[in-house]
Amino acid sequence: MASLANQIAGTGGQVIYTAADVRRREDLVALVGLAKERFGRLDVLISNAGVGPISAPDDLRVDEWDAIIDTNIRGLLYGIAAALPLFRAQQIGHFVNVASTAAHRIVPNMAVYAAAKSAVRVISEGLRQEAGDKLRVTVISPGLSGRIWRARSTIRP
């Protein structure tokens, strides 16, 4: 992180960084607070953290399911909870939430991940509808690269 921060600062940009674990609400509150303290505001919160171990449901990797839920769903909600009050006070702000094409097309061995990314999409859409005209909400759903996606997209449940 320090190397990237130094590159940004070296080009005249303003930058701060800190480690944060999205599974810990207090880390996201501190992150938003740091931005406000240093820059006086927060313009955009990008929620991109995610994990997606792939396994068959019969493998019963419940610890992995917990990690998916804690990171992909709770992490998103903790970010919203940290930034929304500040965005409301500023009367401006933009949430950019990263879902996945898995939220739109479910394939074998990805049910829990797909459910979590569907939750990202649904929470984001609900927030967008309730945000009013001062806040923006964007959902990005990246997918697998061409050859790999075509191979997976031929799988039929």
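Just so it is clear, the structure is predicted and the values come from calculations on it, not from any experiment. (Residues numbered from 1 in each chain as written. Predicted model: local features only at pLDDT ≥ 70, side-chain atom pairs only at ≥ 80, totals over all residues. Heavy atoms only, no water.)

A. The layout of surface pockets, seen in detail. When its volume is computed, the largest pocket comes out at roughly 590 Å³. Lining the largest pocket are 27 residues; nearest its centre among them are L28, L31, V44, L45 and I46. Of all the secondary structure elements, the ones that give two or more residues to the lining of the largest pocket are α2 (25–39), β1 (44–47), α3 (62–90) and α4 (111–130). Here the lining of the largest pocket is composed, by residue class, of 19 nonpolar, 7 polar and 1 charged. (1 Å grid on protein atoms, 1.4 Å probe; cavity = no way out; pocket = protein on both sides within 12 Å on 5 of 7 lines; lining within 4 Å. Points joined across faces, edges and corners; volume = space filled by probe spheres on them. Helix = DSSP H or I, 4+ residues; strand = E, 2+ residues; numbered from the N terminus. Nonpolar A, V, L, I, M, F, W, Y, C, P; charged D, E, K, R; others polar.)

B. A look at the pattern of salt bridges. One pass over the structure, following the stated rule, counts 8 salt bridges. The partner of R61 in a salt bridge is E64, with the nearest N and O atoms 3.8 Å apart. Taken together, the shared-partner salt bridges connect R24, E26 and D27 into one network. (Salt bridge = Lys/Arg side-chain N within 4 Å of Asp/Glu carboxyl O.)

C. Up close: the side chain of Q90. Along the chain, the position of Q90 falls in helix α3. Those residues in contact with Q90, other than ones at most four positions away along the chain, are R41 and L42. (Contact = heavy atoms within 4.5 Å.)

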